[in-house]
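# Summary of structural features
Spelled out from the first residue to the last, the chains are:
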Amino acid sequence: MAVEIIMPKLGVDMSEGEIIEWKKEEGDGVQEGDILLEIMSDKTNMELEAEASGILLKIVHPAGDTVPVTEVIGYIGEQGEVVEDLAPAPKENKAETPASTGASTPSPEPVSASAQTQVVPELQESGKIRATPAARKLACDLGLDLSQISGTGPKGRIHREDVENYRIAQPKVTPLARKMALDLGIDLSQVKGSGAFGKITKEDILALSQPQTSQSQEDLPEPAPLPEGVEIKPMSAMRKAIAKGMTKSYLTAPTFTLNYDIDMTNLIALRKQVIDPIMDKTGFKVTFTDLIGLAVVRTLMKPEHEYLNASLINDAKDIELHRFVNLGIAVGLDDGLIVPVVQGADQMSLSEFVVASKTVIKKAQTGKLKAAEMSGSTFSITNLGMFGTKSFNPIINQPNSAILGVCATVQTPTVLDGEITIRPIMQLCLTIDHRIVDGMNGAKFMVDLKHLLENPMELLIW
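Residues numbered from 1 in each chain as written. Predicted model: local features only at pLDDT ≥ 70, side-chain atom pairs only at ≥ 80, totals over all residues. Heavy atoms only, no water.

By the naming in an unreviewed UniProt entry, the protein chain goes by Dihydrolipoamide acetyltransferase component of pyruvate dehydrogenase complex and is assigned to Streptococcus downei MFe28. According to its UniProt record, the protein chain has this under Sequence similarities (unreviewed entry): "Belongs to the 2-oxoacid dehydrogenase family." Per UniProt, the protein chain carries the Cofactor (unreviewed entry) text "(R)-lipoate". (UniProt positions renumbered as here; feature names shortened; annotations may be inferred.)

## Focus: the confidence of the model for the protein chain
Considering every residue of the protein chain, the mean pLDDT works out to 82; 84% of them sit at 70 or more. This stretch, residues 86-127, has a pLDDT under 50; its non-local contacts, to residues over four places away or in other chains, come to 27 contacts. (pLDDT = per-residue confidence, 0-100. Contact = heavy atoms within 4.5 Å.)

## Here we look at the environment of R136
Its place among the elements puts R136 in helix 3 (residues 133-142). Of the residues examined, R136 reaches a relative accessible area of 39% and is grouped as partly exposed. What R136 contacts, discounting residues up to four positions off in sequence, is I129, R130, A131 and L146. At 2.5 Å, the side chain of R136 and the backbone oxygen of I129 are in polar contact. (Helix = DSSP H or I, 4+ residues; strand = E, 2+ residues; numbered from the N terminus. Buried < 20%, exposed > 50% of the residue type's maximum accessible area, 1.4 Å probe, protein only. Polar contact = N/O pair within 3.5 Å; in protein donor to acceptor, adjacent residues only side chain to side chain.)

## Considering the UniProt feature "domain: Peripheral subunit-binding (PSBD)" (unreviewed entry) in the protein chain
According to UniProt, the feature "domain: Peripheral subunit-binding (PSBD)" (unreviewed entry) maps to residues 130-167 and 172-209 in the numbering used here. Taken as a whole, residues 130-167 contains 47% helix and 0% strand, while its terminal C-alpha atoms sit 18 Å from one another.

## A closer look at the pattern of salt bridges
Taken as a whole and assessed by the stated rule, the structure comprises 13 salt bridges. The partner of E21 in a salt bridge is K23, with the nearest N and O atoms 3.1 Å apart. The partly exposed category is assigned to E21, whose relative accessible area is 37%. Classification of K23 by relative accessible area gives partly exposed; the value is 37%. Salt-bridge contacts for R423 lead to D263; the nearest nitrogen and oxygen are separated by 2.9 Å. Of the two residues, R423 is situated in strand 18 (residues 419-433) and D263 in strand 9 (residues 255-263); the sequence distance between them amounts to 160 residues. Here R423 falls in the partly exposed class, since its relative accessible area comes to 21%. You can call D263 buried: its relative accessible area is 16%. Among the ionic contacts, a cluster of salt bridges with common partners joins E21, K23 and E38. (Salt bridge = Lys/Arg side-chain N within 4 Å of Asp/Glu carboxyl O.)

## Description of helix 5 (residues 175-184)
When we look at burial in helix 5, the residues that qualify are A177, R178, M180 and A181. Looking straight down helix 5, one finds that the buried residues subtend no more than 165° of arc, so they occupy a single side. Along helix 5, the residues that are exposed and aim more than 90 degrees away from the buried face are K179 and D183. One or two positions beyond helix 5, positive phi appears at G185, with a value near 70°. (Arc of directions from axis to C-beta.)

## Concerning the sheet that holds strand 3 (residues 29-30)
Strands sit in the order 1-8-6-3 across an open sheet of four strands; the sheet is antiparallel. Across the chains shown, the open sheet's two edge strands, defined by having one partner strand only, are strand 1 (3-6) and strand 3. Across two bridges, the pairing between strand 3 and strand 6 (residues 54-59) is antiparallel. If you follow V30 over to strand 6, its bridge partner there is G54. (Pairing = 2+ DSSP bridges.)

What follows is the structure, encoded as structure tokens:
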């Protein structure tokens with residue numbers, strides 16, 4: 001039996017995904033685990049693996065299509081298998097055939113395209129619309145009226161392909177806007193979309209549903225031309241997701257930021273000692289982000305800092321405490337920001353942490369992160385030190401209760417044992433959700449983290 005390939009739901013807010021590229025063609029052999037296609041969600045590109053072995057029987061949605069989550073985009077099955085959704089309609093029962101006098105029934109003549117379009121009205125008159133179950137389900141999911149679709153099957157029966165072809169011919173529209181238009185009786189062909197590439201959005205439908213003024217569209221003034229040198233660029237899906245998430249975090253969480261100076265002398269020395277052994281063992285170069293990240297993990301695992309490793313749940317009525325650390329590491333991309341997650345970081349040695357962090361960061365940079373690799377963080381860090389940033393207020397990656405900003409290390413005059421000396425000083429900026437953590441608790445966490453970073457040999461004792 002054919003296995004459906006569906007558009008996955010990669011996050012709570014994801015409603016649709018765009019197919020970037022199919023890696024296989026119809027008729028190609030497929031092994032379980034093979035990369036079938038590349039899709040784009042709100043935050044990143046992702047490669048979708050085959051969940052079964054067989055033949056790629058059908059590609060329902062080609063590259064470039066934007067598809068609602070959980071919708072079928074293709075089928076895998078056995079060689080020669082006919083997918084039910086695309087199978088020819090079953091032959092009519094003999095009981096439905098008029099009684100004959102024994103003469104053979106002539107084969108039906110091929111039906112022309114113009115003749116096919118005349119079948120549906122005849123069926124409507126009798127109150128019946130002939131359609132396969134798959135066609136009915138797809139039409140229902142898409143909010144399409146089957147009576148408006150011409151069937152290419154015997155006696156005008158509507159197949160899934162007919163529904164798909166009808167949908168493709170319709171204006172580009174978001175699933176919510178399509179449902180709203182159907183509920184309000186609005187003809188989408190008469191709606192001009194304001195979204196990217198003319199896509200119809202819910203705002204376009206709402207605008208049409210509002211009472212119109214007496215002034216006609218023809219009477220409205222033409223929009224003023226853009227000034228020279230000005231360009232309007234639609235937000236990417238990733239940028240929209242970032243904007244939504246950061247706005248929610250900024251407006252819902254009352255935050256404050258603690259800034260601490262860290263003397264990096266000993267951490268710099270430790271890195272010099274371990275960089276070659278870890279490279280020989282893992283093939284990766286240990287960075288200061290690795291060392292700081294592991295120090296954060298060790299500090300979070302102390303029982304007195306449990307609220308720094310927590311989340312608000314149930315409409316901010318309860319606090320979820322985590323007895324493990326999944327560390328999110330913010331990674332800047334050309335067109336946005338993504339936070340891959342080192343899962344189970346509290347169980348890792350320094351070498352293991354270096355491998356895990358480098359692996360998910362590389363996947364983030366190449367657009368190959370899986371959904372599980374960018375969700376479930378319990379605490380996050382973000383590093384702008386490589387750009388010379390001396391201080392900043394990072395915004396919390398909800399539902400985390402805090403985020404640590406890492407700044408540049410700067411040679412700074414410092415008083416040590418009553419003498420002025422030059423030391424490599426780095427500032428850490430901890431932004432905290434005050435609903436969960438108070439200032440004193442945040443300060444105690446930073447004191448312990450500062451101690452560990454300035455006495456980093458403890459990181460190797462595990």
